[in-house]
Amino acid sequence: MASTLRDRYVPKSVNPMRRDAPGAVRAMPSPHRLHHFHIYSDENYEAMIAFYTRFFNGETVAVQGGDGPPMTFLTFDDHDHRVAIVKRPGWGAKPERAVGVSHLAFCYRSLGELIYVYRKMKEWGYPPYRTVSHGNSTSFYYRDPDGNEIETMIDNFSTLDSQTYKRHYQFSDEFGATSEGNFDPDKLAGLYEAGVPDSVLLDREEVRRLVREGAL
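Residues numbered from 1 in each chain as written. Predicted model: local features only at pLDDT ≥ 70, side-chain atom pairs only at ≥ 80, totals over all residues. Heavy atoms only, no water.

A. Representation of the overall build of the chain. Counting its regular elements, the chain contains seven helices and eight strands. For 216 residues, the compact-globule formula gives about 17 Å, and the C-alpha radius of gyration of the chain, at 21 Å, lies well above that figure. In terms of overall dimensions, the chain has a C-alpha envelope of 75 × 45 × 35 Å along the principal axes. When each of the 216 residues of the chain is scored for burial, the buried share is 34%. For the chain, restricting intrachain contacts to residue pairs at least 6 apart in sequence, the fraction spanning at least 24 positions comes to 61%. Summed over all atoms, the accessible surface of the chain reaches about 14000 Å², with 53% contributed by carbon and sulfur. In the chain, the 26 positive side-chain charges and the 30 negative ones have mean positions that sit 5 Å from each other. (Helix = DSSP H or I, 4+ residues; strand = E, 2+ residues; numbered from the N terminus. Rg over C-alpha atoms; globule rule 2.2 N^0.38 Å. Buried < 20%, exposed > 50% of the residue type's maximum accessible area, 1.4 Å probe, protein only. Contact = heavy atoms within 4.5 Å. Areas by Shrake-Rupley, 256 points an atom, 1.4 Å probe, with all protein chains shown as cover. Lys, Arg positive; Asp, Glu negative; His and termini not counted. Charge placed at Lys NZ, Arg CZ, Asp CG, Glu CD.)

B. A look at the nonpolar core. Tyr52, Phe55, Val83 and Ile85 are the most contacted members of the largest nonpolar core, which has 35 residues in total. Here this core takes seven residues from helix α2 (residues 45-56), the largest share from any one element. Residues in contact with Phe55, not counting those within four places in the same chain, are Phe106, Tyr108, Met121, Ile150 and Thr152. (Core = buried A, V, L, I, M, F, W, Y, C linked by side-chain atoms within 4.5 Å.)

C. Spotlight on the sheet that holds strand β3 (residues 71-75). Strand order in the open sheet formed by four strands is β1-β4-β3-β2, with mixed pairing between adjacent strands. Here the strands that pair on one side only, and so sit at the sheet edges, are β1 (37-41) and β2 (59-64). When strand polarity is set aside, the average angle formed by the axes of neighbouring strands in this sheet is 20 degrees. As defined by bridge partners, β1 adjoins strand β4 (residues 83-87) across five bridges and the pair is classed as parallel. Following the sheet pairing, Ser41 is matched in β4 by Lys87. (Pairing = 2+ DSSP bridges. Axes fitted to C-alpha atoms, helices over the stretch in contact; angles between N-to-C directions.)

D. Main features of the packing of aromatic side chains. Within the structure shown, the criterion is met by 19 aromatic pairs. Between Tyr40 and Trp91 the ring centres are 5.1 Å apart and the planes differ by 75 degrees, which places this aromatic pair in the edge-to-face class. Pair noted here: Tyr40 is in strand β1 and Trp91 is in the loop between β4 and β5 (103-107), with a separation of 51 residues, a long-range link. Summarising the aromatic geometry, the rings of Tyr129 and Tyr141 are spaced 6.2 Å apart at their centres and angled 45 degrees between planes, so their arrangement reads as tilted. (Phe/Tyr/Trp six-rings, centres within 6.5 Å; stacked < 30°, edge-to-face > 60°.)

E. Spotlight on the sheet that holds strand β8 (residues 149-155). The four strands are arranged β5-β8-β7-β6 in an open sheet whose pairing can be described as mixed. The open sheet terminates on both sides in strands that have one partner only, identified here as β5 and β6 (130-133). Averaged over all pairs of adjacent strands, the angle between their axes in this sheet comes to 20 degrees, without regard to strand direction. Looking at chain direction, β5 and β8 are connected through five bridges and run parallel. Residue pairing across strands places Ala105 opposite Glu151, the latter belonging to β8. Strands in contact with α2 are β5, β7 (137-143) and β8; relative to β8, the strand with the most contacts, it is inclined by about 5 degrees.

F. Here's a closer look at the side chain of Glu151. Relative to the helices and strands, Glu151 resides in strand β8. Although buried, Glu151 forms no salt bridge, and the nearest oppositely charged side chain, Arg130, lies 7.9 Å from it. A polar side-chain atom of Glu151 sits 2.9 Å from a polar atom in the side chain of His103. Apart from residues no more than four positions distant in its own chain, Glu151 is found in contact with His103, Leu104, Ala105, Phe106, Ser139, Phe140 and Tyr141. (Salt bridge = Lys/Arg side-chain N within 4 Å of Asp/Glu carboxyl O. Polar contact = N/O pair within 3.5 Å; in protein donor to acceptor, adjacent residues only side chain to side chain.)

G. Up close: unusual backbone geometry. Phi angles above zero are rare outside glycine, and Asn57 is one such case at about 50 degrees. Note that Asn57 resides in the loop between α2 and β2.

H. Just the environment of His81, in detail. Tracing the chain through its elements places His81 in the loop between β3 and β4. Each C-alpha atom of the pair His81 and Gly58 lies 9.8 Å from the other, and the pair is 23 residues apart in sequence. With sequence-adjacent residues up to four places away left out, His81 is seen in contact with His35, His36, His38, Phe73, Leu74 and Thr75. Looking at His81, its side chain comes within polar contact range of the side chain of Asp80, at 3.0 Å.

In structure tokens, the structure reads:
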């Protein structure tokens, strides 16, 4: 007999996005989407949960107990989880110069959203360590309590225009040094809140001009 929990919470049948008949897949498929990531932590386990709950405006879906390592599953949408924080007692801290994935980037819908996230992250004690206009995107880079790096960003062009920009222009001599797009986030937020339009603040050439003039 099925348990009460199974009756209440387990669907009656599986329902994958698509069913491919045997032999129907004949070439290497690309992923449909990035679903989630796991992070190992130790002394900062609770601080990491707090950081990502705030950063994602998320919630805890489940906490693994029992015979496995403590693991907290967080989500920010209708998926079962988007990040899992896994406690690894005795593993210590992440080395400062570790080889591996350098950062994860999260795309937002507007400059207003980016600035709101910036204001809240700074209020919570997580100021960005770098802010830069890449031309095709505008980016804020942060570090979590264990030193893992995350990026909040907005695409400044359509997807294909952004790819064309990167493919043909972004690293050309005409583009210049990437650091020429660095800006002061407080000044950017101030200009945005004073009504300077996105068409200026998301334009790398305008950003460079405003930096030269001391306005940004």
